[in-house]
Amino acid sequence: MKKHNVIAYVLLAAVGLIITFPFIWMFFACFKTNAEILGSTKLFPDSFGFSAFARGWKGVGNITFATYFKNTFVMVIPTVILTVFSCSFVAYGFARFRFPLKKFFFALMISTLMLPNSVIIIPRYLIFNKAGLLNTYWPFYLPAIFACFPFFIFMIIQFLRGVPKELDEAAYIDGCSSLKVYFEILLPLIKPALFSAGLFQFMWTWNDFFNTLIYISSVKKFPVSLGLRASLDTAAQVQWDKVMAMSMISILPLIILFFFAQKYFVEGISTTGLKG
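All values reported here derive from a predicted model rather than from experimental measurement.

## Some thoughts on helix H6 (residues 117–130)
Here's step 1: Between its first and last C-alpha, H6 extends 20 Å over 14 residues, near the 20 Å set by a 1.5 Å rise per residue.
Here's step 2: Directly after H6, the chain includes Gly132, whose backbone phi takes a positive value near 70 degrees.

## Here's the deal with the confidence of the model for the protein
A low pLDDT score tells you not to read the predicted coordinates there in detail.
Here's step 1: Residues at a pLDDT of 70 or more form 93% of the protein, whose mean pLDDT is 88.
Here's step 2: The secondary structure element of the protein with the lowest average pLDDT is helix H14 (residues 240–274), at 78, and the one with the highest is helix H7 (residues 138–145), at 96.

## Considering the pattern of salt bridges
Here's step 1: Summed over the entire model, instances satisfying the criterion amount to three salt bridges.
Here's step 2: Taking the shortest distance from any N to any O, the salt bridge between Lys42 and Asp46 comes out at 2.3 Å.
Here's step 3: By relative accessible area, which is 58% here, Asp46 ends up exposed.
Here's step 4: Between Asp168 and Arg96 there is a salt bridge, and its shortest N-O distance comes to 2.7 Å. With Asp168 in helix H9 (residues 165–173) and Arg96 in helix H4 (residues 65–96), the pair connects residues that are 72 residues apart, well separated along the chain. Neither Asp168 nor Arg96 differs from the other in exposure class; each is buried.

## Side note on the nonpolar core
Here's step 1: Core analysis: the biggest nonpolar cluster contains 62 residues, and Ile153, Ile156 and Ile190 have the highest contact counts within it.
Here's step 2: Element by element, the count of residues in this core is highest for H4, at twelve residues.
Here's step 3: The residues contacting Ile156, other than those within four sequence positions of it, are Cys87, Ser88, Ala91, Ile190, Ala193 and Leu194.

## Examining the side chain of Ser86
Here's step 1: Structurally, Ser86 is set in helix H4.
Here's step 2: For Ser86, a relative accessible area of 7% puts it in the buried group.

## Examining the packing of helix H8 (residues 150–160) against helix H11 (residues 191–207)
Here's step 1: Following both chains from N to C, one finds H8 and H11 inclined at 165 degrees, their axes separated by 9 Å at the closest point. In terms of their interaxial angle, H8 and H11 are classed as roughly antiparallel. The interaxial crossing formed by H8 with H11 has right-handed handedness. Facing Phe151, Phe152, Met155, Ile156 and Phe159 of H8, the residues of H11 in contact are Pro192, Ala193, Leu194, Ser196, Ala197, Phe200, Gln201 and Trp204.

## Brief notes about the state of the cysteines
Here's step 1: A full pass over the atoms with the stated rule returns zero disulfides.
Here's step 2: Considering cysteine sulfurs only, Cys148 is the nearest to Cys87, which forms no disulfide, with 8.4 Å between them.
Here's step 3: Given the relative accessible area of 1%, Cys87 is considered buried.

## Digging into the packing of aromatic side chains
Here's step 1: Here the structure, examined in full by the defined rule, presents 34 aromatic pairs.
Here's step 2: Between Phe152 and Trp204, the ring centres sit 5.4 Å apart and the planes meet at 25 degrees, which makes this aromatic pair stacked. Here Phe152 is found in helix H8, whereas its partner Trp204 is found in helix H11, with 52 residues between them in sequence.
Here's step 3: Residue classification places Trp204 among the partly exposed positions, given a relative accessible area of 41%.
Here's step 4: Through a chain of ring-to-ring contacts, the aromatic side chains of Phe27, Phe28, Phe31, Phe44, Phe48, Phe50 and Phe53 assemble into a single cluster.

## Some details on the packing of H4 against H11
Here's step 1: Contact pair H4 / H11: the axes reach a minimum separation of 9 Å and the direction vectors enclose 145 degrees. The two elements H4 and H11 cross, and the hand of that crossing is right-handed. Facing Phe69, Thr72, Phe73, Met75, Val76, Thr79, Val80, Thr83, Val84 and Ser88 of H4, the residues of H11 in contact are Leu194, Ala197, Gly198, Gln201, Phe202, Thr205 and Trp206.

## What to know about unusual backbone geometry
Here's step 1: Even without being a glycine, Asn135 presents a positive backbone phi close to 60 degrees.
Here's step 2: Tracing the backbone through its elements, the reader meets Asn135 in the loop between H6 and H7.
Here's step 3: Its identity as a non-glycine residue notwithstanding, Ala147 has a phi of 55 degrees, on the positive side.
Here's step 4: Mapped onto the elements of the fold, Ala147 is located in the loop between H7 and H8.
Here's step 5: A residue is classified by how much of its surface remains accessible, and Ala147, at 12% relative accessible area, is buried.

## Details of H7
Here's step 1: Taken as a whole, H7 has its buried residues at Pro139, Phe140, Tyr141, Pro143 and Ala144.
Here's step 2: Taken from the residues just after H7, Ala147 is the one with a positive phi, measuring 55 degrees.

## Remarks on the environment of Val181
Here's step 1: Relative to the helices and strands, Val181 resides in helix H10 (residues 178–189).
Here's step 2: Excluding residues that lie within four positions of it along the chain, Val181 makes contacts with Tyr92, Asp168, Ala171, Tyr172, Cys176 and Leu186.

## Quick word on the side chain of Thr79
Here's step 1: Position of Thr79 relative to the elements: it lies in helix H4.
Here's step 2: Leaving out residues up to four positions away in the same chain, Thr79 has contacts with Phe140, Tyr141, Ala144, Gln201 and Thr205.

Analysis parameters
- Residues numbered from 1 in each chain as written.
- Predicted model: local features only at pLDDT ≥ 70, side-chain atom pairs only at ≥ 80, totals over all residues.
- Heavy atoms only, no water.
- Helix = DSSP H or I, 4+ residues; strand = E, 2+ residues; numbered from the N terminus.
- Expected span 1.5 Å × (residues − 1).
- pLDDT = per-residue confidence, 0-100.
- Salt bridge = Lys/Arg side-chain N within 4 Å of Asp/Glu carboxyl O.
- Buried < 20%, exposed > 50% of the residue type's maximum accessible area, 1.4 Å probe, protein only.
- Core = buried A, V, L, I, M, F, W, Y, C linked by side-chain atoms within 4.5 Å.
- Contact = heavy atoms within 4.5 Å.
- Axes fitted to C-alpha atoms, helices over the stretch in contact; angles between N-to-C directions.
- Parallel < 35°, antiparallel > 145°, perpendicular 65-115°, else oblique.
- Left-handed = near helix turned anticlockwise from the far one by under 90°.
- Disulfide = S-S within 2.5 Å.
- Phe/Tyr/Trp six-rings, centres within 6.5 Å; stacked < 30°, edge-to-face > 60°.

Okay, here's the thing in structure tokens:
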């Protein structure tokens, strides 16, 4: 092995260790007492036991973390599916069709990327409040239905630009409609971009604390992010081993999903990043 390769691997390993150290520390904190967590800098606990996982899973009151996880999946999975479908459909329109004011609408869509969430949170809250949709998951479903995520639209457009239009033309010659071209020709070809958009949306919605705190008020409908926060509010003295144990479990779905979809995710990001 060449010397510069060895140096590169050592640097990558060092950077990887630095990045993953908070995760490693959180794992070992699951087995520590409060005194060990707050009063010691050592990484390894004095003893190993899984009582923190059992105690933490009981949740708050009569609501266990099983309920929080179920609520999270009910909120996240439809949001991801609707986002991928709607954003890919809008991207297909921008990438493959000509229509009046196309450049204007595309520029308008891209400009919404500049809007911070703090600017639109109040109008959205007022709209959902008047529609009677607060304390439901519709504030997450509706933006996904109407493709309110310009980042994903732009990413899929970039990917579609790398798909030859000759495929569409050949399909039209064979009698395919525009919808058939979209569903049977293009969607299978842009799977990497769809996986990337889905993975991003899954991660962002799963970890979302601010929006869930704004829109959801019932403890029975709390997702994991709010369930973790609730476990801090109800105890006079926070048992940090329980919090760390449930935090550890809460990120496992993200890690598992990333490893299973890593191939498509990397391909989708690299391809969309290279297209002009």
